[in-house]
Amino acid sequence: MARRPDLVPRSFRGQIVASTLLLMTAVVLAVGVGTQVVLARTAQSDIDSVLRDRMDAVVSVVDTRGGARPDARLGAFLDPGVRVYDRQARLITGSIESDARDPADDLAEDLTATGATATSRVADAPGDLRLLARVVTTEQGWRGVVVVSQATAPYERSERYALLATLIGGLAAIAVSGLIAHRVTTQRSEEHTSELQSH
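Let us look at the structure shown here. (Residues numbered from 1 in each chain as written. Predicted model: local features only at pLDDT ≥ 70, side-chain atom pairs only at ≥ 80, totals over all residues. Heavy atoms only, no water.)

1. A closer look at the overall build of the protein chain
Tallying secondary structure elements over the protein chain gives 3 helices and 5 strands in all. Sequence-ordered secondary structure for the protein chain, helices as α and strands as β, is α-β-β-α-β-β-β-α. In the protein chain, buried positions account for 30% of the 199 residues. For the protein chain, contacts bridging at least 24 residues in sequence account for 53% of all contacts bridging at least 6. (Helix = DSSP H or I, 4+ residues; strand = E, 2+ residues; numbered from the N terminus. Buried < 20%, exposed > 50% of the residue type's maximum accessible area, 1.4 Å probe, protein only. Contact = heavy atoms within 4.5 Å.)

Quick look at the structure:
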């Protein structure tokens, strides 16, 4: 019967090299997981920050251009990825990605529903989009809901690139550590053998 290969190094030198590789692998995995968590949180924070900035800009336009009763003419002053609703969640004007239309309508309905207490809400939409909806009251007393969208793909792509770079660097560190451990143990073994022969 064929003998199963022994995966555990028998020599002391082999054990040192294997231990070094295992330790470096554990470190690289820990760093990789930590990096992924940090990058995900950073990307999420950046997306939400962009959404808030867009929302503030749109609210300013609605306040200055919408008048006491905004209508479809307000759309000429809005960027793509923006929708404006009245207090009954009826669309007034604006354009948004097709995949985000239904989620945007749902957000507007949720914020204008009877008994609703929230003044803003965030939701993800198909097509790598994130939406921010906010109840708006202008200086002239008009009240409605504004929804803005932001593509998340560029942030997620940067996150993947950074993680890939971390993993490549980690694999290189493991390889270098293994080579160094092997070289040091080999050198020490040769020195020890030379000392024994000299006696």
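2. Here we look at the sheet that holds strand E4 (residues 129–137)
Spatial ordering of the open sheet is given by E2-E1-E5-E4-E3, a layout of 5 strands whose pairing is antiparallel. The sheet is open, and its two edges are formed by strand E2 (91–95) and strand E3 (120–125), each paired on a single side. With direction set aside, neighbouring strand axes in the sheet form an average angle of 15°. Bridge count for strand E1 (residues 82–86) against E2 is 4 bridges, and the pairing is antiparallel. Bridged to Arg83 within E2 is Gly94. (Pairing = 2+ DSSP bridges. Axes fitted to C-alpha atoms, helices over the stretch in contact; angles between N-to-C directions.)

3. Description of helix H2 (residues 101–112)
For H2, with 12 residues, the first-to-last C-alpha span of 17 Å sits near the 16 Å given by 1.5 Å per residue. Within the sequence span of H2, burial applies to Pro103, Ala104, Leu107, Ala108 and Leu111. With its buried residues spanning 140° around the axis, H2 presents them on a single face. Packing partners of the buried residues in H2 comprise E1, E3, E4 and strand E5 (143–151). (Expected span 1.5 Å × (residues − 1). Arc of directions from axis to C-beta.)

4. Notes on a nonpolar patch on the surface
On the surface, Leu23, Val27 and Val31 cluster together into a nonpolar patch covering about 260 Å² of accessible area. Secondary-structure assignment places Val27 in helix H1 (residues 12–65). (Patch = residues over 30% accessible without salt bridge, like charges linked within 9 Å, V, L, I, M, F, W, Y side chains within 5 Å. Areas by Shrake-Rupley, 256 points an atom, 1.4 Å probe, with all protein chains shown as cover. Salt bridge = Lys/Arg side-chain N within 4 Å of Asp/Glu carboxyl O.)

5. Description of unusual backbone geometry
A positive phi angle, near 65°, is found at Ala89, a position not held by glycine. Structurally, the position occupied by Ala89 is in the loop between E1 and E2.

6. Comments concerning the pattern of salt bridges
Under the defined criterion, the tally for this structure stands at 7 salt bridges. In this structure, Asp71 engages Arg73 in a salt bridge whose closest nitrogen and oxygen atoms are separated by 2.7 Å. The class of Arg73 is exposed, set by a relative accessible area of 66%. Here Arg90 and Asp86 are joined by a salt bridge, their closest N and O atoms 2.8 Å apart. You can call Arg90 exposed: its relative accessible area is 51%.

7. Description of the side chain of Asp86
Of note, Asp86 is situated in strand E1. Owing to a relative accessible area of 12%, Asp86 belongs among the buried residues under this scheme. One polar contact links the side chain of Asp86 to the main-chain amide nitrogen of Gln88, over a distance of 2.9 Å. Once residues lying within four places of it in the same chain are set aside, the contact partners of Asp86 are Ile92, Thr112, Trp142, Arg143, Gly144 and Val145. (Polar contact = N/O pair within 3.5 Å; in protein donor to acceptor, adjacent residues only side chain to side chain.)

8. Description of the layout of surface pockets
A volume near 160 Å³ is recorded for the largest pocket. As for the largest pocket, its lining consists of Arg69, Pro70, Asp71, Asp86, Arg87, Gln88, Arg90, Ile92, Trp142 and Arg143. Looking at side-chain class alone, the lining of the largest pocket contains 3 nonpolar, 1 polar and 6 charged residues. (1 Å grid on protein atoms, 1.4 Å probe; cavity = no way out; pocket = protein on both sides within 12 Å on 5 of 7 lines; lining within 4 Å. Points joined across faces, edges and corners; volume = space filled by probe spheres on them. Nonpolar A, V, L, I, M, F, W, Y, C, P; charged D, E, K, R; others polar.)

9. Notes on the environment of Gln140
Relative to the helices and strands, Gln140 is located in the loop between E4 and E5. When its relative accessible area of 52% is taken as the criterion, Gln140 is described as exposed. A sequence separation of 76 residues divides Gln140 from Thr64, and the C-alpha atoms of the two residues are 9.5 Å apart. Engagement of the side chain of Gln140 in a polar contact is seen with the backbone nitrogen of Ala68, the distance being 3.3 Å.

Purely geometric numbers; function is a separate question.
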